[in-house]
Amino acid sequence: MKKYGLIGYPLGHSFSKDYFTEKFKREGLTDCVYEVYSIPNLSDFEELIKENPDLCGLNVTIPHKIGVMYYLDKIDDAAKAIDAVNCIKIVKENPAESYFSGELSSMKVKLIGYNTDAYGFEKSLTPLLQKYHQEALVFGTGGASRAVTYILDKLDIDFQLVSRKSGRKQIKYEDLNKEIIEDHLLIINTTPLGMAPNINDCPDIPYEYLTSKHLLYDLVYNPEETEFLKRGKDHGATIKNGMEMLLLQAEKAWEIWNEKP
Ligand SMILES: NC(=O)c1ccc[n+]([C@@H]2O[C@H](COP(=O)([O-])OP(=O)(O)OC[C@H]3O[C@@H](n4cnc5c(N)ncnc54)[C@H](OP(=O)(O)O)[C@@H]3O)[C@@H](O)[C@H]2O)c1
């Protein structure tokens, strides 16, 4: 049996579990299962790996995307630059030997970290970009924001972070005015504002200055059309929710788990 799973805490309903369980069924992968491992403390991580010798890959979610890096043998360059891991490939170094000796505990396990959020964001954003999308506003400064800004850097798009707290690299929502909104034609929400059940929430910005040249991208995928996107659409902006990014990052994880080392 090949086991895959998700670590995080607290874990309620999991998109990943539904996605992979459905995928395994659809593709007839009867030897694959996907489990949810709710671990409040990463000190339990090594035990989890030891107790589940069939594990081949893990997705990582809040609050472990940064802390888990400490337990990994290798981190790929993009994840290192982003400073967050949301996908772990588990490689057994001597499976045949350990199997025949019957000592699974002696099997060497190598853990390699990746960030598939960045991949999902890039792939879903680029088809929508126009030449004039040269400057972006990024709302929020958490883990997803770092994956987003890594890709903006890669695409050579200048960005300004917007946060609830001011800092050297970020401005506050109340600093946003007509000029800033008009100068930044790509606006990305990486905060959880507007996510179900709080569907009436949205970033506090002067929406009246949005135009048909604006592209609004919301990482939130539930509901399909957040209040942020609705307000953008009302001003003629192009809108995009986080569903395609979510699907792309999940498929990328599958590819990573199954590619030969
Ligand atoms: N579509 C996808 O594939 C995908 C992938 C990853 C994440 N996401 C979504 O992206 C969102 C953020 O995820 P994350 O992992 O980056 O979470 P996170 O690390 O907790 O960061 C979220 C950031 O949003 C800001 N924020 C939090 N609460 C806020 C509030 N009440 N008002 C205004 N700003 C607030 C904070 O930035 P400041 O402190 O700077 O204000 C915080 O750092 C979640 O909704 C998640 O579901 C989607």
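Counting restarts for each chain, with residues numbered from 1 along the sequence as it is written. Local features in a predicted model are, by the rule used here, given only for residues with pLDDT of at least 70; side-chain atom pairs are given and counted only at 80 or more, and totals for whole chains, interfaces and linings are based on all residues.

Trainee: Any chance you could break down the site of the ligand for me, citing the residues and the numbers?
Mentor: Nearness rests on one distance test: the residue's C-beta atom, set from the backbone, must lie within 6 Å of the molecule or strand. Taken together, 23 residues sit near the ligand, with G140, G142, A144, S163 and G242 positioned nearest. Of all the secondary-structure elements, those providing two or more residues to the shell around the ligand are helix 5 (116-125), helix 6 (143-154) and helix 9 (243-258). Note on residue categories: nonpolar means Ala, Val, Leu, Ile, Met, Phe, Trp, Tyr, Cys or Pro, charged means Asp, Glu, Lys or Arg, and polar means any other residue, Gly included. A breakdown of the residues in the shell around the ligand according to their chemical character gives ten nonpolar, eleven polar and two charged. Each helix corresponds to a stretch of at least 4 residues labelled H or I by DSSP, and each strand to a stretch of at least 2 residues labelled E; elements are numbered beginning at the N terminus.

Trainee: Summarise helix 8 (residues 227-234); cite the residues concerned and give the values.
Mentor: Counting other C-beta atoms within 10 Å of each residue's C-beta, where C-beta atoms are placed from the backbone, gives the exposure class: buried for 20 or more, exposed for 12 or fewer, partly exposed between. For helix 8, every residue scored as buried is listed here: F228, L229 and G232. Projected onto a plane normal to the axis of helix 8, the buried residues spread over an arc of 95° and lie on a single side. Downstream of helix 8 by a residue or two, G236 has a phi angle that is positive, lying close to 85°. Each direction from the helix axis to a C-beta atom contributes to the arc, which is the arc of those directions.

Trainee: Mind laying out the nonpolar core, listing which residues take part and the relevant values?
Mentor: Nonpolar side chains in soluble globular proteins tend to end up buried together. Defined on buried residues, the nonpolar core groups Ala, Val, Leu, Ile, Met, Phe, Trp, Tyr and Cys residues joined through C-beta atoms within 7 Å. One finds V85, A147 and I188 to be the most contacted residues of the largest nonpolar core, which totals 51 residues. Here the limits of each domain have been adopted from an automatic or database domain assignment. Per-domain counts for this core show at least three residues from each of domain 1 (2-114) and domain 2 (120-245). With C-beta atoms placed from the backbone, a contact is any residue pair whose C-beta atoms sit within 7 Å. In this structure, I188 is in contact with A136, V138, F139, V148 and Y217, ignoring residues within four places of it in sequence.

Trainee: Report on the domain arrangement of the chain, specifying residues and quantitative values.
Mentor: For the chain, the domain assignment lists domain 1 (2-114) and domain 2 (120-245). Taking the mean C-alpha position of each, domain 1 and domain 2 sit 31 Å from one another. Listed as interface residues are seven residues of domain 1 and, on the opposing side, four residues of domain 2. Of the residues contributing to the side of domain 1 that touches domain 2, the split by class is five nonpolar, no polar and two charged.

Trainee: With reference to specific residues and values, describe the packing of helix 5 against helix 9.
Mentor: Interaxial angles span 0 to 180 degrees and are taken between N-to-C directions of axes, which are lines fitted to C-alpha atoms, for helices over the stretch in contact. Contact geometry for helix 5 and helix 9: axes closest at 8 Å, N-to-C directions at 130°. On the basis of their axis angle, the class for helix 5 and helix 9 is oblique. Between helix 5 and helix 9 the crossing geometry is right-handed. Of the residues in helix 9, those in contact with T116, D117, Y119, G120, F121, K123 and S124 of helix 5 are E244, M245, L246, L248, Q249, K252 and A253. Residue composition of the contact of helix 5 with helix 9, grouped by class: six nonpolar, four polar and four charged. Angular relationships are summarised with four words: roughly parallel below 35 degrees, roughly antiparallel beyond 145, roughly perpendicular across 65 to 115, and oblique for the angles in between. Take the far helix as your reference; a near helix turned counterclockwise from it by less than a right angle gives a left-handed crossing, and one turned clockwise gives a right-handed crossing.

Trainee: I'd like a rundown of the pairing of strand 6 (residues 109-114), residues and numbers included.
Mentor: For strand 4 (residues 74-75) and strand 6, the ladder comprises two bridges, and the chain directions are parallel. Paired with I75 across the strands is G113, a residue of strand 6. Note that strand 5 (residues 87-92) and strand 6 share six bridges and pair antiparallel. Among the inter-strand pairings, I88 is bridged to a residue of strand 6, identified as G113. If DSSP finds at least two bridges between two strands, the strands pair.

Trainee: Explain the sheet that holds strand 8 (residues 158-163) to me, using residue names and the numbers behind them.
Mentor: Pairing in this open sheet of six strands is parallel, and the strands run 9-8-7-10-11-12 from one edge to the other. Every interior strand has two partners, whereas the edge strands, strand 9 (170-172) and strand 12 (238-240), have only one. Adjacent strand axes in the sheet meet at a mean angle of 25°, parallel and antiparallel pairs treated alike. Relative to strand 8, strand 7 (residues 135-139) runs parallel, the two being bridged by five bridges. Bridging from a neighbouring strand, V138 pairs with L161 of strand 8. Lying over the sheet, helix 8 contacts strand 10 (186-189), strand 11 (215-218) and strand 12, oriented at roughly 170° with respect to strand 11.

Trainee: Residue-level account of the sheet that holds strand 3 (residues 55-60), with values.
Mentor: Taken together, six strands build an open sheet; the order of strands is 2-1-3-5-6-4 and the sheet is mixed. Two strands bound the open sheet, and with one partner strand each, they are strand 2 (32-38) and strand 4. In the sheet, strand 1 (residues 2-8) pairs with strand 2 via seven bridges, with the strands oriented parallel. When the sheet's bridge partners are listed, G5 is paired in strand 2 with E35. Together, strand 1, strand 2 and strand 3 form the strand contacts of helix 1 (residues 15-26), whose direction differs from that of strand 2 by roughly 170°.

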